[in-house]
Amino acid sequence: MVLGLTELPIEIIVRILTFLSVRDVSAVLQTCAHLRSVCISDALWTELYKKRWMQNEDAIEAENKRRQNAREDAKSSWMKYYLDRLLQWRSWTPRFNAIPSKGLWYLYTEGKIRPKNPEQLPEDDLDVLTETDETLRDHKRVLQLNVDDIAEYLIDPAKSEGLNKRQIAHYITDPRVVDMGIHSTVMKRIGFSGISLEEALRKFFVYIRLPNSGKLTAILLRQFAEGYQDANPGSMFSSVDEAYTLTFTILVLDTDLHSDKIKQKMRLNTFVYLAKQSNSMISNEYLEQIYHNIKRSPLSEYIPGGCINNKGGLVQLWDRLIYGFFK
Amino acid sequence: MASESISVTTSDDQTIQLSRKHAQMSQTINSMLEDSVGADQEAIPLPNVSSEVLKKVIDWCTHHENDPAPVEKVKKLNKKREYKAKNSTISDEWDKNFVNAELRVIVDILLAANYLDVKGLFELMCKHIANELKGKTPDQIRERFGIQDDLTEEDKAAMRKAWGATKNDS
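Residues numbered from 1 in each chain as written. Chains lettered and ligands numbered in written order. Predicted model: local features only at pLDDT ≥ 70, side-chain atom pairs only at ≥ 80, totals over all residues.

Student: Go over helix α16 (residues 240–258) of chain A, please, and point to the residues and values.
Tutor: Along its 19 residues, α16 of chain A runs 27 Å from first to last C-alpha, staying within 8% of the 27 Å computed at 1.5 Å per residue. When you tally the buried positions in α16 of chain A, you get 14 out of 19 residues, the bulk of the element. (Helix = DSSP H or I, 4+ residues; strand = E, 2+ residues; numbered from the N terminus. Expected span 1.5 Å × (residues − 1). Buried ≥ 20, exposed ≤ 12 C-beta atoms within 10 Å, placed from the backbone.)

Student: Tell me about the nonpolar core, residues and numbers included.
Tutor: Core analysis: the largest hydrophobic core is formed by 57 residues, its most contacted members being Leu 17 and Val 28 of chain A together with Val 57, Leu 110, Ala 112, Ala 113 and Met 125 of chain B. Counting residues per element, this core draws most heavily on helix α5 (residues 103–116) of chain B, at eight residues. In this structure, Leu 17 of chain A is in contact with Val 25, Val 28, Cys 39 and Leu 44 of chain A, ignoring residues within four places of it in sequence. Listed in part, the 53 residues of the second largest apolar core include Phe 96, Ile 150, Ile 155 and Tyr 244 of chain A. (Core = buried A, V, L, I, M, F, W, Y, C linked by C-beta atoms within 7 Å. Contact = placed C-beta atoms within 7 Å.)

Student: Can you tell me about the environment of Leu 83 of chain A, naming the residues and giving the values?
Tutor: Residues and elements named next belong to chain A. Locating Leu 83 in the fold gives a position in helix α6 (residues 78–88). With 20 C-beta atoms counted inside 10 Å, the residue Leu 83 sits in the buried group. Residues Leu 83 and Tyr 49, 34 residues apart in the sequence, show an inter-C-alpha distance of 9.6 Å.

Student: An account of the sheet that holds strand β2 (residues 15–19) of chain B is requested, with residue identities and associated values reported.
Tutor: Residue and element names in this part refer to chain B. Within the open sheet, the three strands sit side by side as β2-β1-β3. Their pairing is mixed. Since the sheet does not close on itself, it has two edges, and those belong to β2 and β3 (44–45), each with one partner. As judged from the five bridges shared by strand β1 (residues 5–9) and β2, these two strands associate in the antiparallel manner. Directly across from Thr 9, in β2, lies its bridge partner Thr 15. (Pairing = 2+ DSSP bridges.)

Student: Break down the environment of His 258 of chain A for me, with residues and values.
Tutor: Considering the arrangement of structural elements, one finds His 258 of chain A in helix α16. In the structure, His 258 of chain A is positioned 40 residues away from Pro 298 of chain A in sequence and 6.8 Å away in space, judged by C-alpha atoms.

Student: I'd like to hear about the pairing of β1 of chain B, residue by residue, with values.
Tutor: All names here are of chain B. Along β1, the buried face is formed by Ile 6 and Val 8; none of Ser 5, Ser 7 and Thr 9, which line the opposite face, is buried. Hairpin geometry of β1 and β2 is characterised by an intervening segment of five residues between the two adjacent antiparallel strands and by a positive phi of about 60° at Asp 13. Note that β1 and β3 share two bridges and pair parallel. Across the sheet, the residue bridging to Val 8 is Ile 44, located in β3.

Student: So, unusual backbone geometry: which residues are in play, and what are the values?
Tutor: Residue and element names in this part refer to chain B. Although it is not a glycine, Asp 13 adopts a positive phi angle of roughly 60°. Mapped onto the elements of the fold, Asp 13 is located in the loop between β1 and β2. Asp 13 sits in the exposed class, given 8 other C-beta atoms within 10 Å. One non-glycine residue, Asp 117, adopts positive backbone phi at about 60°. With respect to the element layout, Asp 117 can be found in the loop between α5 and α6 (119–133). On the basis of neighbour counts, which here come to 15 C-beta atoms within 10 Å, the residue Asp 117 falls in the partly exposed class.

Structure, rendered in C-alpha cells:
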C-alpha cells in the first residue's frame, strides 16, 4: 500500500503544517478537499498562533473561553482570528510616529522583532505608576530588543511605509537611545560605501529627515559622518570631524542656493573657502563637483517638501558654524 | 534483572532484537516494558511496524543514542510567553542523508515514529515533509505528493480571492 500525505492521521498533518508559513499553508489548502479541511482547522491555527506570537496555553484557553461566551454570530474560526491579527500589525507605524518605543515594542509583541538575546525573554515587569515610569519602562523594553531587526524596520521601504522620517531622526538621536547604537546599524543599512559624501547625503535623506532642533540635527549629522567614515575607511577625511564639517557646509550651501529668501547666492569660491577652513587637504575639484551637483539638483528634491524646510534648526547651526570659523 | 536486549515482533512476523537503550528511546516500548516487569522473555508485538521500517528506526536510534533527552520546558515557562525558535531547518548532516528517501518510506517511518513515540525521529520526519511543502504552488504539491485534485473550479476561485490579501505576508 502506498501511503500519501492525505492518508496520514490529522494530528500528524497538523504537526507538519505548523512548520510552514501562512503562504505555504495557503498553498496546501488549495490542493484537495481533505487537506483543506485540515488547513482551516482550529487545531492547526491555535498551534500557528502560539508559534507566531510566542503565546502559551493560557492565552489560547482565554481566547477559547471568550468564544464560548460570545454570541453565536460573533464566533469565528481561529484561522480568521490569526489572519485578522496578522493584518493588524501594519498599524505599527502610527504607533511609532506617536511614541517610538511603543511602536517598537509592539513589533516585538507581534513577533516581528527578535529579543536581543534569543535565550532570554525581555523582562517586562516594571510597575508603572506615573507617566515617567511608563516612558522609562518603554525605553527599558526596547533596550532588550535586537538592534539589527529594529534598524531593518526603520529603513526597509516596505516595512517602514508610513513612518515619519523625522521621527526616526528624533528617535535615533535620543540621548537614551544613542548608546544602543541603532544609528550605526541604520547607517550601515542605508549603505554609504564607495560613494562621495554628497551622494551619501542624498541617499541618507531618502530615509531620514532632519529633526526640528538644531541640537539634534548636530547629533544626527555627526552620526551620519561616523557612518560615512565607517563605510569608507580610506576616504579623504582623516577624521569624523572633517566629514561632519563638510556635510554641514554642503547643507548650508543647499539651503543658500535653493532658498527663495536668500537673494545673494553663495559663489563657488566662497563655498570652497568655507570648506577649506576646516580641512585644507580637500581637493578643489571635489568641492567644485559638489557645488555644481547641489546647484543643479537640490538635496531636498528627493523629498516632497524639502529636507531642510525646518530653517530654524539649521540657521542656529549655521550661526554657530560661522562663529566657529571666524572666531 | 532485565536483560540487555529486547525482542519485538513486527507486522511481517519477524522477530528483531534491539538493545534496551534503543528500545527505551521509544516511549511506547518503554511503557510496555515497565508494565510487564519480569515477563521480558516474551517478544513485544508491534503490529503497526514492518521489519524494514523498524530497521530504519533502529538506524536512527543508533546514531542518536547519545543525544541529550529533550527537556520539557513548557511548565517552566508557563508564566511567561514561551519563546521557542521553531523552524524546520535540519542541522544534522547524518539526518539530512537519512531523510533523503522515497516518500513512501518517509511516511512509513513517520507513522512508525508516531506509533513508537520516538520524539526526535517524529520531529525530524515532520520537518522533512514541511520542507518538501515549502515554497511550492498547489499544483507542485499535488504532483510531489500524488494528491488527487477534488476541488471544484468555484472552490479554487473563491479561495484565491480570500487568500489574495495575505499571500505576501510571511
